[in-house]
Amino acid sequence: MTAEELRENFLDFFKAKGHTIIPSASLVPREIDPSVLFTTAGMHPFKQYYLNPDETSDARIATSQKCVRTIDIDEVGDDTHLTFFEMLGNFSFGYPKKENSYFKEETIKFAWEFLTEILGIEKSRIYATYFHGEKEIPEDKESLEILKSISDLKEIKPQGTEDNFWSLGVENSPGGPTVEFYVDGIEVWNCVFNEYTFKKGQYELSENKGVDTGMGLERLLAVVDKKKTVFETDLFVSIISKIEEISGKKYEDNQKSFRIISDHIKAATFIIADGIIPSNVKQGYVLRRLIRRAIRHGKILGIENNFTKDIAEIVISTYSNMYLELKENGNKIFEELEKEENKFRKTLAGGLKEFEKLTAITGKDAFNLYQTYGFPLEMTEELAVEKNIKIDKDEFETEFKKHQELSRTASAGQFKGGLADTSEQTKKLHTAAHLMLAAIRKILSGDIIQKGSNITEERLRFDFNYPEKLTKEQIAEIENIVNQKIVENIPVEMTEMPKDEALKLAKVSFDPAKYGDIVKVYKIGDFSIELCGGPHVENTGQLGKFMIKKEESSSAGVRRIKAVLE
Ligand code: SER
């Protein structure tokens, strides 16, 4: 099956079930939302309809939505991660009052019918999961009963909030239990039943319930066609063969660079078509970073001449029937890619030469590479890892902030934790880091300060000053304290206050002169108080189970902890 057929099958199926088919919204959200730069899910453009269903005349909608998620950008290159993907989704609003709205029964049955009858996936390959109830939110018995009524469904697995509860986690937003369908053990369809509203750290039952389902098109296509990875589907093969043609190299021998180039230039093509151009702020910076990383991986493949435009041409022809904006903006896409590539190539060689001279990278070096040679920090970091060179990221951020205050170009928040795509999981890990630091101070020493921190959706990494390896007992005690504070369900409060006042309350690791006059202070009960830009969850009860996965030396006198929430 081709991607086009799959998309059409999905939209036709839901049209026949009374849904209005709406074209994909722009990748750049209409309203200004400081926490997201791009549309990251199919439900994004309809968020407000869950709480205010009267704002739409359609109770049933289905879409194939363009999405960009930059949170996993460093993982692109493996079998599954992409920054650009399409999400197929069906939605229902205003249940039960709104005419034609539907809820769990229809959603689950539609999903089963589509997977088994329209796509013809063998029933023996499918199982489903549902929410077993956790932390004051009851088990989703209704979904369980509906799943049980499907006689050929192989297995129903109960799971907790971490896997089967979806929420935007911001005040006054919808959330609820999910049913997820798996094929060959791979999650393909997330069906969210928005029956709660998140208010003041609690989930309250909503008067208007709604459905939000999401299914990644690329992943589904790979599963339907029994392909090992998304890169073997028709959404990638022509792009990959073009890279083979340009570089003279084989995909099999250079998978990582091929995957990065094809994903990043695809994302860049769509982002430019939606009106963004490369720059040093917000979406423009993400775009710049995608293009430059692709060029550098082109260099790894030995491509010395401009090539991104040629890849974009294939992206446009692959998607032109579905996304008309690509062809319409073709010239602009080529122009912007060409301009950015010329700009970057001019300084790339010089920057790499400069880089080769370094044996360790201070924040100043990284900043210099950014400012003089246009090396995105993450690229310097990637190069440093390849060459096994340490880099001081905190110092870079300090330098960056200093520079920024002068030029007032960008907001430093965009550099934190992988560029401002604040997913719920990273927010939780930010809050967990505060709890952990407070616990470390309790167990090890009150003098401990943060020496570095890096948070991805999967884990937190935290460096702090301490002279020796932690014992197993100390690690267990830190874990226990953090988990205890999670169970205590403590609200996380943010106050903005003058810096001088804040410095009396909390220890800081940067030079205080580097902060602005008014700072944000995050307080977790009487347990933790920190100067921090955020973002954080509203209540520790949302965090799940905290576990330290690794404790090691980071540099002399500095320990590094990696921890997760499960
Ligand atoms: N919002 C859910 C997700 O992103 C389902 O669409 O997975």
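Up top is the structure these notes are about.
Just so we're clear, the structure is a prediction, and the values are computed from it rather than from any experiment.

**Student:** Report on the sheet that holds strand 13 (residues 518-524), specifying residues and quantitative values.
**Tutor:** Spatially, the 3 strands line up as an open sheet ordered 12-13-14, and their pairing is antiparallel. Two strands lie at the open edges of the sheet, namely strand 12 (492-498) and strand 14 (528-531), each paired on one side alone. Ignoring which end each strand starts from, the neighbouring axes of this sheet average 25° apart. Direction of pairing for strand 13 relative to strand 14: antiparallel, over a ladder of 4 bridges. When the bridges of strand 14 are listed, I524 appears paired with S528. Taken strand by strand, helix 16 (residues 424-443) contacts strand 12, strand 13 and strand 14, and its axis lies near 115° from that of strand 14.

**Student:** A description of the sheet that holds strand 16 (residues 558-565) should follow, citing residues and the corresponding values.
**Tutor:** Read from one edge to the other, the open sheet built from 4 strands follows the order 10-11-16-15, with strand pairing classed as antiparallel. Looking at the sheet topology across the chains shown, the edges are occupied by strand 10 (450-455) and strand 15 (546-555). Across this sheet, the average inter-strand angle for adjacent strands is 20°, counted without regard to direction. Each of strand 15 and strand 16 is contacted by helix 17 (residues 472-487), which is oriented at about 135° to strand 15, the strand it contacts most.

**Student:** Before we move on, could you go through the packing of helix 12 (residues 330-357) against helix 13 (residues 363-373) and cite the residues and values that matter?
**Tutor:** For the pair helix 12 and helix 13, interaxial distance at closest approach is 9 Å and the crossing angle is 155°. Relative to helix 13, the element helix 12 lies roughly antiparallel. Handedness of the helix 12/helix 13 crossing: right-handed. Contacts from F344, T347, G350, G351, E354 and F355 of helix 12 reach helix 13 at L369, T372 and Y373.

**Student:** Give a description of the site of the ligand that names residues and reports values.
**Tutor:** In the vicinity of the ligand, the contacting residues are A41, M43, R69, M87, W166, N190, V192, D212, T213 and G214. The contact in question runs from an oxygen atom of the ligand to an N or O atom on the backbone of G214, over 3.3 Å. For the ligand, the accessible surface in isolation is 230 Å², of which the surrounding protein chains cover 92%. The set of elements that each furnish at least two residues to the shell around the ligand consists of strand 8 (186-199) and strand 9 (202-216). No other element matches strand 9, which puts 3 residues into the shell around the ligand.

Criteria and cut-off values
Residues numbered from 1 in each chain as written. Predicted model: local features only at pLDDT ≥ 70, side-chain atom pairs only at ≥ 80, totals over all residues. Heavy atoms only, no water. Pairing = 2+ DSSP bridges. Helix = DSSP H or I, 4+ residues; strand = E, 2+ residues; numbered from the N terminus. Axes fitted to C-alpha atoms, helices over the stretch in contact; angles between N-to-C directions. Contact = heavy atoms within 4.5 Å. Parallel < 35°, antiparallel > 145°, perpendicular 65-115°, else oblique. Left-handed = near helix turned anticlockwise from the far one by under 90°. Near = heavy atom within 4 Å. Polar contact = N/O pair within 3.5 Å; in protein donor to acceptor, adjacent residues only side chain to side chain. Areas by Shrake-Rupley, 256 points an atom, 1.4 Å probe, with all protein chains shown as cover.

It is worth stressing that arrangement in space is one thing and function is another; only the former is reported here.
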